[in-house]
Structure formats: C-alpha cells, structure tokens
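Each chain, letter by letter, is given below.
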Amino acid sequence: MPHPRPRNRRSDAPQPLLDANEPWKARAEAASRYLKLRSQRDAIAGPSLLSDPAWDMLLDLFVGHITGRDVSVTSACVASRRPATTSLRYIERMAKQGLIRREKDCNDNRKVYLRMTEKAFRAVAKWIDALRDELITA
C-alpha cells in the first residue's frame, strides 16, 4: 500500500495534545459526541432551522487541534452542515474576530487549512469543561 506523501508542516500546525497529564483526549471525545448529537437534532426540524454553523466548525477545529488532524476549508464547510457559501461567510467572520486563521498547504497552494487561535482554543476548552461539569452534577 502506498504511503501518503509527507507534508512540510509549519511549526504552528496542530500537534496532538494527547498528554496523559491533561484531559485533552476526554475534551476531544466530549466535543465529538456533542457534534454527533447536534447533527442528530436535524431530524427534529431540519438543519436550516436548528443550525449553528460557526459553532459546529469551531468544535470540529477544536477536535482537529487536539488530535493533530488538519482541517481544510472544505472539511470545515462540511462540518457546518450548511451550503459552502454560507460556511465561507462564517469562516470570514470568525477570522475577523480572531478565532481562526487560514494557512496554505506548503506543498499544494490550492489547499487552505484552518487553525484555531490560542484564544479560541482555550475558550472552547473552558466551555467543554463547563458542559461536562454541568452534565456530571445535573
């Protein structure tokens, strides 16, 4: 089986944060479960009524950052469960607010990846912790 072509990654590309001393893996699993539940909500009234594309993209970027998975613009648009044009508007707004940044692939300038800023990453981690605490104490 052929091996994927190695990519020249920038030093600020996501590196897995699965450190035994930190609950990063649990946070990524909680965010992934939450995203799955959000997508299941669509059966109630459809995604157009109950959607929150920016939040879904941020959660997907959060999980990607923890696990070291690159999240392309295309992948983020899919995670939003909204049309690409709508998703791209949200990506632009999140970039202007300093929540994410775009980064071109070193080997293929057609590909663009999204990265959470430290500010956004820490804020989402704090929210995930609060959600987990609330569910445990409820």
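Refer to the structure above for everything that follows.
Residues numbered from 1 in each chain as written. Predicted model: local features only at pLDDT ≥ 70, side-chain atom pairs only at ≥ 80, totals over all residues. Heavy atoms only, no water.

**Comments concerning the overall build of the chain**
We count it as follows: By definition, any uninterrupted DSSP run of H or I lasting at least four residues is a helix, any uninterrupted run of E lasting at least two residues is a strand, and each is numbered from the N terminus. Relative accessibility thresholds used throughout: buried, under 20% of the residue-type maximum; exposed, over 50%; partly exposed, between the two (1.4 Å probe, protein chains only). Note on definitions: a residue-residue contact is assigned when non-hydrogen atoms from the two residues lie within 4.5 Å.
Within the chain, the regular secondary structure consists of six helices and three strands. Walking the chain from its N terminus toward its C terminus, one meets helices and strands in the order α-α-α-β-α-α-β-β-α. Residues classed as buried in the chain amount to 38% of the 138 residues present. Within the chain, residue pairs in contact and separated by at least 24 positions form 61% of the contacts whose partners lie at least 6 positions apart.

**Re the environment of Ile-100**
Structurally, Ile-100 is set in strand β2 (residues 100-104). Among the residues examined, Ile-100 registers a relative accessible area of 3% and is labelled buried. Beyond its immediate sequence surroundings of up to four residues, Ile-100 is in contact with Leu-58, Leu-61, Ile-91, Met-94, Ala-95, Leu-114, Arg-115, Met-116 and Thr-117.

**Regarding the packing of helix α1 (residues 24-45) against helix α6 (residues 118-137)**
Short version of the rule: For helices, the axis comes from a line fit to the C-alpha atoms of the stretch in contact; other axes are also lines fit to C-alpha atoms, and the angle between any two N-to-C directions lies between 0 and 180 degrees. Orientation categories follow fixed angle ranges, with anything under 35 degrees roughly parallel, anything over 145 roughly antiparallel, 65 to 115 roughly perpendicular, and all other angles oblique.
Where α1 contacts α6, the two axes come as close as 10 Å, and the packing angle between them is 80 degrees. The orientation of α1 with respect to α6, classified from their angle, is roughly perpendicular. Contact residues: Trp-24, Ala-26, Arg-27, Ala-30, Ala-31 and Tyr-34 in α1; Phe-121, Arg-122, Ala-125, Trp-127, Ile-128, Asp-129, Leu-131 and Arg-132 in α6.

**Observations regarding the packing of helix α3 (residues 53-67) against helix α5 (residues 84-96)**
We count it as follows: Crossing handedness is read from the near helix: turned anticlockwise from the far helix by less than a right angle, it gives a left-handed crossing, and turned clockwise, a right-handed one.
Between α3 and α5, the least distance of the axes is 9 Å, while the angle of their chain directions is 70 degrees. Relative to α5, α3 is oriented roughly perpendicular. Read as a crossing pair, α3 and α5 show a hand that is right-handed. Residues Pro-53, Ala-54, Met-57 and Leu-58 of α3 form the contact with α5, whose own contacting residues are Ser-87, Tyr-90, Ile-91 and Met-94.

**With respect to the sheet that holds strand β3 (residues 112-116)**
Cut-off, in case you're wondering: A pair of strands is treated as paired once DSSP finds two or more bridges between them.
Pairing is antiparallel in the open sheet, where three strands are placed in the order β1-β3-β2. Single-partner strands in this sheet number two, and they are β1 (71-72) and β2. Here five bridges tie β2 to β3, and the two strands are oriented antiparallel to one another. Each residue of the ladder has a partner; that of Lys-104, found in β3, is Val-112. Across the sheet, α3 is in contact with β1, β2 and β3; its angle to β3 comes to roughly 90 degrees.

**What to know about the pairing of β3**
For β3, a buried count of four out of five residues is recorded, marking the element as mostly surrounded by other parts of the structure. By the bridge criterion, two bridges tie β1 to β3 in an arrangement that is antiparallel. Following the sheet pairing, Val-71 is matched in β3 by Leu-114.

**Some words on the pattern of salt bridges**
Stated formally: Salt bridge, as applied in this entry: a Lys or Arg side-chain nitrogen positioned within 4 Å of an Asp or Glu carboxyl oxygen.
Summed over all chains, the structure comprises eight salt bridges. Arg-27 is the partner of Asp-129 in a salt bridge, and the nearest nitrogen-oxygen pair spans 2.7 Å. Residue Asp-129 is located in helix α6, and its partner Arg-27 is located in helix α1; the two are separated by 102 residues in the primary sequence. One salt bridge connects Asp-70 with Arg-115, and the closest N-O pair in it is separated by 3.0 Å. A residue pair is termed long-range when its members are at least 10 positions apart, and Asp-70 in the loop between α3 and β1 and Arg-115 in strand β3 qualify at 45 residues. Among the residues examined, Asp-70 registers a relative accessible area of 17% and is labelled buried.

As far as function goes, none of this settles anything; it's purely spatial.
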